[in-house]
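# Working through the structure, step by step
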Amino acid sequence: MFELIYASDIQRIYIMVGALMFLIGRLFLCLAVFNDGKDNEIKHKSLWAVFSFLLGFVPAIIYAVAFNKKRKRHNNLKTAYVIIAVISIFLSLSSFFTYELSGTGEFGFLDYDIKFDDRVDVTYKNKHGRKVIIDKEGNEYTFFKKNALLYFAENGEKYRCVDEYYRHFINTETQEYYDELDYEFFINDEGYFCIFNYDNDLVYYEDEGYYLYYDENHLYYPVDYVYWDRDGNIVFPSVFNELNYLTYDEIVEN
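Residues numbered from 1 in each chain as written. Predicted model: local features only at pLDDT ≥ 70, side-chain atom pairs only at ≥ 80, totals over all residues. Heavy atoms only, no water.

## Observations regarding the sheet that holds strand 2 (residues 131–134)
- Sheet architecture is open: 3 strands sit in the order 1-2-3, paired in antiparallel fashion. This sheet does not close on itself; its edge strands, each paired only once, are strand 1 (124–125) and strand 3 (140–141).
- Across 2 bridges, strand 2 lies against strand 3 in antiparallel orientation. Of the residues in strand 3, the one forming a bridge with Ile-133 is Tyr-141. (Pairing = 2+ DSSP bridges. Helix = DSSP H or I, 4+ residues; strand = E, 2+ residues; numbered from the N terminus.)

Right, dumping it as C-alpha cells:
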C-alpha cells in the first residue's frame, strides 16, 4: 500500500506526519490509562497501558468499562491525555487518507491538471476527472503516482524507474538494478521496454527535433518520448508528433 521508494516528496511528508501523529496518539492513550489506573489503584495498570499503546482504543475502552465502578475520582490530566490521543490519531488517519487520495487524484483542492510537464499532453481523464498517464497494460497514474509507472518487457518482466533524473531502472520481481551508466533504455515500436548494453548493434537515426535507433526488427525510441493509449499502443506527445506517422520502412530507407 505504501511504496516509499516510489512515493513523491509530498507523499513522504504525509506518511511521516501520519506515523508521528499515530505514535503520539498511542502514547497519550497509554498515559491516560496508566494514570487512571494509578489514581484508582487498579491492578495490572501497566499491562493495560501497554495493551492500549499496542492495540489502541479497543483495550482502553474495555479497561474503562471493566473498572468503571472502581473509579474513585476524576483526573483532568487523564482527560487531556485522551483528548490529545484522539486528535493525534485523527490527524494520523487524515494524513494517510490524504496520501492515498494524492495518488488517485480524488482530492479537488490539488490541481492535477497543471502538474504534468507541458510537453506531456498525452494524458487521459480517470473516473474522477483527473489527468492520468497510462502504461502498456492500461494502468492509470496521476501526477503524484507517475514515479510508479510500470514498463513492461516483451518477456513479461516489469520495470520501474527509480530515478527520474538519471534514468535508473529496477526489475520489480528480481530487484535487479540497471544504471544508465552501464545500460541504455528504450521502448520499441511494439511498446515494450528494452535494455541494451552500450556495445550494441543498434543503428542511430536522427532528424530535426528527435532521434531513435533501429535494428533489423524494430525501432527503438528513448523512454522519455513514449506514452501509451488505453489500448496499449504507443503514442507520442505533440513535440514528437512526427513519430506518430513514421514507419519502420521510412526510417530504414532514409
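## Some remarks on the packing of helix 2 (residues 45–55) against helix 3 (residues 57–66)
- Taken N-terminus to C-terminus, the directions of helix 2 and helix 3 make an angle of 145°; their axes are 6 Å apart at the nearest point. Each of Trp-48, Phe-51, Ser-52 and Leu-55 in helix 2 lies in contact with helix 3, whose residues at this interface are Phe-57, Val-58, Pro-59, Ala-60, Ile-62 and Tyr-63.
- Partitioning the contact of helix 2 with helix 3 into residue classes produces 9 nonpolar, 1 polar and no charged. (Axes fitted to C-alpha atoms, helices over the stretch in contact; angles between N-to-C directions. Contact = heavy atoms within 4.5 Å. Nonpolar A, V, L, I, M, F, W, Y, C, P; charged D, E, K, R; others polar.)

## Digging into the packing of aromatic side chains
- Counted according to the given criterion, the structure contains 19 aromatic pairs.
- Grouped by ring-pair contacts, the aromatic residues Tyr-151, Tyr-159, Phe-169, Tyr-178, Tyr-183, Phe-185, Phe-193 and Trp-228 constitute a single cluster.
- When the ring centre of Tyr-192 is taken as reference, the NZ or CZ atom of Lys-136 above it lies at 4.6 Å. (Phe/Tyr/Trp six-rings, centres within 6.5 Å; stacked < 30°, edge-to-face > 60°. Lys NZ or Arg CZ within 6 Å of the ring centre and 35° of its normal.)

## Looking at the nonpolar core
- In this structure, Tyr-151 and Leu-243 are the most contacted members of the largest nonpolar core, which totals 34 residues.
- Those elements that place two or more of their residues in this core are strand 4 (150–152), strand 5 (158–163), strand 8 (183–188), strand 11 (210–214), strand 12 (219–222), strand 13 (227–228) and strand 14 (234–235).
- The residues contacting Tyr-151, other than those within four sequence positions of it, are Glu-157, Lys-158, Tyr-159, Cys-161, Arg-167, Phe-169, Ile-187, Phe-193, Val-223 and Trp-228.
- Ile-42, Trp-48, Ala-60 and Phe-67 belong to the second largest nonpolar core, which has 9 residues in total. (Core = buried A, V, L, I, M, F, W, Y, C linked by side-chain atoms within 4.5 Å. Buried < 20%, exposed > 50% of the residue type's maximum accessible area, 1.4 Å probe, protein only.)

The quantities given are spatial measurements derived from coordinates; they are silent on function.
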